[in-house]
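Summary of the model geometry
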Amino acid sequence: MSIAADDYAALIRFDIEASDTLKPRALLTDTGHVGMSGLRCREHVRRTLAKIPASDSPPKWKAIIGTALDEQFEQALREAHPDWLFKTNVTATLPSGTKISGTLDWADPAEPSVTDLKSKAGLALARRTWANEQSYRFQRHLLYLGAVQQLGFPEQGTVRNLVVDRSGKEPHPLCWQEPFDMGVVKAADEWLADVFYALDHGEEASKDV
């Protein structure tokens, strides 16, 4: 007996989402852990560290599609650039002593540089706002700091965000890059200090946009 079309579509989505929940990255938010990619809202980070259950369950489909694109790009780039590092875990120690971990999408030791890949449905908003978007800027500089401290990268290097259009309408990615800057690392350290202060004093942290 054939399965109805809507039921079959729902079954496929269920199987894919169920598989995604078993990936290590998907489990991080359930363990009170915050990585470099999670520095978006101080209050959200405080709640995660305090293991306060989320009041909602955002759809995961966009993230799943983004992960699939990421894996496809990685496969192609591994073949084209066998000397690059891919999916390398690093932990950066900030000036305060705080340790934070992240994963390099790819890094070129020869340039030297680290690149963090993002995907969006359309690039118009990214084109207007992403060059100085704080959370992504924190992430790319912290990733490079981890590469300096754990992989022996020099302190002078390049950090990048590459943004691709997952709708396929714009085939040319956007790219922002800048020199690695310890000033950005210190700003991230201060941002996290606000979170820890609120956590220690039982207060709400700032709700960043």
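Our structure's up above, just so we're on the same page.
Our subject in this report is the structure included herewith. If you're wondering where the values come from, they're calculated on a predicted model, not measured in any experiment.

Considerations on the packing of helix α6 (residues 134–151) against helix α7 (residues 182–200)
- At a closest axis distance of 9 Å, the pairing of α6 and α7 adopts a crossing angle of 115°. Between α6 and α7, the angle falls in the class roughly perpendicular. The way α6 lies across α7 gives a crossing that is left-handed. When α6 is examined against α7, the residues Gln134, Arg137, Phe138, His141, Leu142 and Leu145 are found in contact with a partner set consisting of Met182, Val184, Val185, Ala187, Ala188 and Trp191.

Quick look at the pattern of salt bridges
- If you walk through the whole model with that rule in mind, you get 14 salt bridges.
- The closest approach of N and O atoms between Glu178 and Arg140, which form a salt bridge, is 3.2 Å. Taken as a pair, Glu178 in strand β5 (residues 174–179) and Arg140 in helix α6 lie far apart in primary sequence, 38 residues in all. Each member of the pair Glu178 and Arg140 is classed as buried.
- The salt bridge involving Glu204 is made with Lys207; its shortest N-O contact spans 3.6 Å.
- Linked through salt bridges whose partners overlap, the residues forming this network are Glu43, Arg46, Arg47, Glu204 and Lys207.

Description of helix α3 (residues 42–49)
- Among the residues of α3, those classed as buried are Arg42, Glu43, Val45, Arg46 and Thr48.
- Considering only its buried residues, α3 is in contact with α7.
- One or two steps after α3, the chain reaches Lys51, where phi turns positive at roughly 60°.

Here is what the cut-offs are and how they apply
- Residues numbered from 1 in each chain as written.
- Predicted model: local features only at pLDDT ≥ 70, side-chain atom pairs only at ≥ 80, totals over all residues.
- Heavy atoms only, no water.
- Axes fitted to C-alpha atoms, helices over the stretch in contact; angles between N-to-C directions.
- Helix = DSSP H or I, 4+ residues; strand = E, 2+ residues; numbered from the N terminus.
- Parallel < 35°, antiparallel > 145°, perpendicular 65-115°, else oblique.
- Left-handed = near helix turned anticlockwise from the far one by under 90°.
- Contact = heavy atoms within 4.5 Å.
- Salt bridge = Lys/Arg side-chain N within 4 Å of Asp/Glu carboxyl O.
- Buried < 20%, exposed > 50% of the residue type's maximum accessible area, 1.4 Å probe, protein only.

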